[in-house]
Amino acid sequence: MENLLRKSLFCTLIFACTASLSWSRTLCVNHAGSHGCYATINDAIAHASAHDTIEVWPGTYKENVVINKSLSLIGDRWHNPVIDATGLANGIYVDGLDNSGLREVVVKGFTIENANFEGILITNASFVTIFGNAVLNNDRSLNAAASTCPGIPAFETAEDMDCGEGLHLSGVSHSTISNNHVARNSGGILISDDTGANHHNLISGNIVEDNPFDCGITLASHPPAMLTGATAPLGVFHNTISGNQSSRNGLQGEGAGVGIFDSVPGAKNYGNVVVGNKVTDNHLPGVALHSHTPGQNLNNNVIVNNWISGNGADTDDAATSGPTGINVFGVSPIQGTIISQNTVSHEAVDVAVNTSGYVDVHLNNLFGRGTGLANLGSGRVDAIENWWGCPAGPGGHGCSSVSGSKVLVEPWLARPYESFAFQEQHGHGRH
């Protein structure tokens, strides 16, 4: 009797567990529409149900792929299928704007190229994963001379100058953009709040390079699109930019390696973390924070453990005196900024600060041998416990220096801080 009860209980548990699983199908796509496959990606999406997987065989697909339901779109594991969007709006559009509540989408293993606007555009969706794609040569409608992008949708409120960049998240949350190669678009990866608040996303392990007109990775708080009904920007916050390589961006225009920008009054871009990135040879500073008008929130952003080298000077109202590693510029007071454990080299100005707010600059390696820290504003900078290039401290022979007032520098480090960024640059491990 006891054995029968045990077997009955076991069967009941198995049935309960099985009943709770959601089974899905795998559909396939090839040009011939053979072997039970569909001939186009969009046709497969139209016939898919929620949580199905669509596997795409090698080849070139001339489509503007629109994803309007939860599914996984997977390219062939050996040869990336190409989505050639020549003459079309986007390569892949994850459209949560017209499909409220869209979530749980995966796009993996494609080359996306030649779109008029974005290679990959995501609007108003959550829990999206974009992994292992090449996003190349998009933003083809850009008129760089006039800084216009004819035909770009009205819900993209501040993209005329860049056609939305290669990969654009607007109103997206809890999503992961990882291990993609984003190159030769107008700009690289854009995180903005045109159509909704953009928050709790991870941008990790991407190579973002040679995007000629704009930043490698941009977090931008924009005017809200009319369709939102909002009268003030909705905010970009609590995003993590981690372990990316951002190089040689903006060389024909104006582009930082990583930019955190507020545009109009009321813009909100706060609580973001820029950590463990390699940021080199960009036209503007390696990491740039800009607040250009009163009434903006650019608070509580963290820049930590990055390797920053060989970038350019900032311009316009945020101008710096020469090539700059990190620039914190704020017409609005910028509070709660932490700059820590970064290694900055081959810059005329390692860290520039121009705000009335308080900025914390600790445990950095400032190897520029020019100005290690320039305080251009009226706020106080706590810059104790940094390595200034030699044991003598700021202004010592062979060390970087400090300019401006209200900068606290003592005590300083007597040797470099061996952060991960320092170890990567110098090719040795922690002792």
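Computed from a predicted model, the values in this text were never measured in an experiment.

Q: Outline the layout of surface pockets, supporting the account with residue identities and numerical values.
A: Of the voids in this model, the largest pocket is the one considered here, and its volume is about 640 Å³. Taken together, 29 residues line the largest pocket, and the ones lying closest to its centre are Met-161, Asp-214, Cys-215, Glu-254 and Phe-261. For the lining of the largest pocket, the secondary structure elements donating two or more residues are strand S20 (217–221) and strand S24 (258–262). Of all the elements, S20 adds the most residues to the lining of the largest pocket, at three residues. Its residues assigned to classes, the lining of the largest pocket shows eleven nonpolar, ten polar and eight charged.

Q: Could you give me a rundown of the sheet that holds strand S15 (residues 181–183), with the residues and numbers involved?
A: With parallel pairing, the eleven strands of this open sheet are ordered in space as S3-S6-S9-S12-S15-S19-S23-S27-S30-S33-S36. Edge positions in the open sheet fall to strand S3 (60–61) and strand S36 (365–366), since each of these has one partner strand only.

Q: With reference to specific residues and values, describe the pairing of strand S10 (residues 120–123).
A: Of the two faces of S10, both are covered, the one formed by Ile-120 and Ile-122 as well as the one formed by Leu-121 and Thr-123. Alignment of strand S7 (residues 92–95) against S10, held across four bridges, turns out to be parallel. Bridged to Tyr-93 within S10 is Leu-121. Bridging between S10 and strand S13 (residues 167–170) involves four bridges; their strand directions are parallel. Opposite Leu-121, over in S13, you have His-168 as the bridge partner.

Q: Let's hear about the sheet that holds strand S21 (residues 236–237): which residues, and what values?
A: Judged by pairing direction, the sheet is parallel, and its three strands sit side by side in the order S17-S21-S25 without closing on themselves. Both edges of this open sheet fall to strand S17 (198–199) and strand S25 (269–270), since each of them pairs with a single strand only. The sheet contact formed by S17 and S21 spans two bridges and is parallel. When the bridges of S21 are listed, His-199 appears paired with Phe-237.

Criteria and cut-off values
- Residues numbered from 1 in each chain as written.
- Predicted model: local features only at pLDDT ≥ 70, side-chain atom pairs only at ≥ 80, totals over all residues.
- Heavy atoms only, no water.
- 1 Å grid on protein atoms, 1.4 Å probe; cavity = no way out; pocket = protein on both sides within 12 Å on 5 of 7 lines; lining within 4 Å.
- Points joined across faces, edges and corners; volume = space filled by probe spheres on them.
- Helix = DSSP H or I, 4+ residues; strand = E, 2+ residues; numbered from the N terminus.
- Nonpolar A, V, L, I, M, F, W, Y, C, P; charged D, E, K, R; others polar.
- Pairing = 2+ DSSP bridges.
- Buried < 20%, exposed > 50% of the residue type's maximum accessible area, 1.4 Å probe, protein only.

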